[in-house]
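Spelled out, the chains give:
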Amino acid sequence: MTHDDGELDSLVRKRIRALRVAQGLSLEDLAGRAHVSQSTLSRIENGQRRLALDQLVTLARALDTSLDQLVETAADDVVISPVIDGAHGLMRWPMRAEPGMSVVRQRMTEPPPDNPSRMRAHPGHEWLVVLSGTAILMLGHRRVRVETNQAAEFPTMLPHAIGAEGGPCEILGIFDRDARRGHQRDGRREVSDRE
């Protein structure tokens, strides 16, 4: 085992204990969820028993987390610079922890389209918060007003469009992999919807 492997091993053991304590679980509680003995769990947390992959998977499930999150190491670069898309008025940041997801900041000045045929629908899920101004979210035949510091979350299979009301607004959106792909495919149509 290399020095790095030893550090990872120690980190994973500390995370198991920290997650257990944070969730208010005793050794007995977590051992029962993970179908291991309390003694085995105690030895895993204290470094007195080898960590086996099958036990890590079981413990991750019992702690309601993923194996990836249990074993991930700190990234060297924690600051992410945005990719700027000046043509569409977007700033986009990829999310390392959830590959395929991205955070988008956009300023809007035009209202959403009145014509439902100009709304788009695609697989995925979106979440957005209005940073300033007032946004209008069209979801099918519903017109939803979202004001500064309010958030909206919706499945993108509903025909949808978003725009500003009464002046410019700025939003911060989080797109899962499917929603991001849908917006990339509909990028040209999205721009024309807002013009």
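Model, not experiment: these values are computed from the prediction. (Residues numbered from 1 in each chain as written. Predicted model: local features only at pLDDT ≥ 70, side-chain atom pairs only at ≥ 80, totals over all residues. Heavy atoms only, no water.)

> An account of the sheet that holds strand S8 (residues 160-164) is requested, with residue identities and associated values reported.
Taken in spatial order, the three strands of this open sheet run S6-S5-S8, and their pairing is antiparallel. Each having just a single partner strand, strand S6 (142-147) and S8 make up the two edges of the open sheet. Here the average twist between neighbouring strands, direction ignored, is 20°. As judged from the five bridges shared by strand S5 (residues 134-139) and S8, these two strands associate in the antiparallel manner. Counted as the bridge partner of alanine 135 is alanine 164 from S8. (Pairing = 2+ DSSP bridges. Helix = DSSP H or I, 4+ residues; strand = E, 2+ residues; numbered from the N terminus. Axes fitted to C-alpha atoms, helices over the stretch in contact; angles between N-to-C directions.)

> Which residues make up the confidence of the model for the protein, and what values go with them?
Per-residue pLDDT for the protein has a mean of 81; in total, 81% of the residues score no lower than 70. Here residues 188-195 is a poorly scored stretch, pLDDT under 50, and it has 18 contacts once near neighbours within four places are set aside; other chains count. (pLDDT = per-residue confidence, 0-100. Contact = heavy atoms within 4.5 Å.)

> Account for the environment of leucine 41, with residues named and values stated.
Inspection of the secondary structure puts leucine 41 in helix H3 (residues 38-45). For leucine 41, a relative accessible area of 0% puts it in the buried group. Beyond its immediate stretch of four places on either side in the chain, leucine 41 contacts Ile16, Arg20, Leu27, Leu30, Ala31, Val36 and Leu59. (Buried < 20%, exposed > 50% of the residue type's maximum accessible area, 1.4 Å probe, protein only.)

> Account for the pairing of S5, naming residues and giving values.
Most of S5 is tucked away, with six of its six residues classed as buried. Pairing of S5 with S6 involves six bridges; the strand directions are antiparallel. If you follow alanine 135 over to S6, its bridge partner there is valine 146. With antiparallel pairing between neighbouring strands as the criterion, S5 and S6 make up a hairpin whose turn holds two residues, including glycine 140 at a positive phi of roughly 60°.

> How would you summarise the nonpolar core if you had to cite specific residues and measurements?
Counting residues in each nonpolar core, the largest one holds 15 residues, and the members touching the most others are Ile16, Leu30 and Leu59. Elements with a minimum of two residues in this core: helix H1 (3-22), helix H2 (27-34), H3 and helix H4 (53-62). The greatest single-element share of this core, amounting to four residues, is contributed by H4. Once residues within four sequence positions are removed from consideration, isoleucine 16 is found in contact with Leu30, Leu41, Ile44, Glu45, Leu51, Leu56, Leu59, Leu63 and Leu70. (Core = buried A, V, L, I, M, F, W, Y, C linked by side-chain atoms within 4.5 Å.)

> Hey, could you go over the pairing of strand S7 (residues 151-155) for me, with residue numbers and the actual values?
Of the two faces of S7, the one holding Ala152 and Phe154 is buried and the one holding Ala151, Glu153 and Pro155 is not buried anywhere. Taken together, the five bridges between strand S4 (residues 125-132) and S7 define a ladder with antiparallel strand orientation. Its bridge partner being in S7, histidine 125 is matched across the sheet by proline 155.

> Before we move on, could you go through H3 and cite the residues and values that matter?
Those residues of H3 that fall on the buried side of the exposure criterion are Thr40, Leu41, Ile44 and Glu45. Taken down its axis, H3 places every buried residue within 130° of arc, on the same side. After H3 finishes, the residue glycine 47 shows a positive phi value of roughly 80°. (Arc of directions from axis to C-beta.)

> Run through the packing of H2 against H4, naming residues and quoting values.
Packing of H2 against H4 leaves a shortest axis separation of 8 Å and a crossing angle of 115°. Put simply, H2 runs roughly perpendicular to H4. Our pair here, H2 against H4, has a crossing hand that is right-handed. Across the interface between the two elements, Leu30, Arg33 and Ala34 of H2 pack against Thr58, Leu59 and Ala62 of H4. The class makeup of the residues in the contact of H2 with H4 is four nonpolar, one polar and one charged. (Parallel < 35°, antiparallel > 145°, perpendicular 65-115°, else oblique. Left-handed = near helix turned anticlockwise from the far one by under 90°. Nonpolar A, V, L, I, M, F, W, Y, C, P; charged D, E, K, R; others polar.)

> Would you mind going over the side chain of glutamate 45 in detail, with residue names and values included?
Note that glutamate 45 resides in helix H3. Of the polar contacts made by the side chain of glutamate 45, one reaches the side chain of arginine 20; its length is 2.7 Å. For glutamate 45, the residues in contact, after removing those within four places along its chain, are Arg13, Ile16, Arg17, Arg20 and Leu27. (Polar contact = N/O pair within 3.5 Å; in protein donor to acceptor, adjacent residues only side chain to side chain.)

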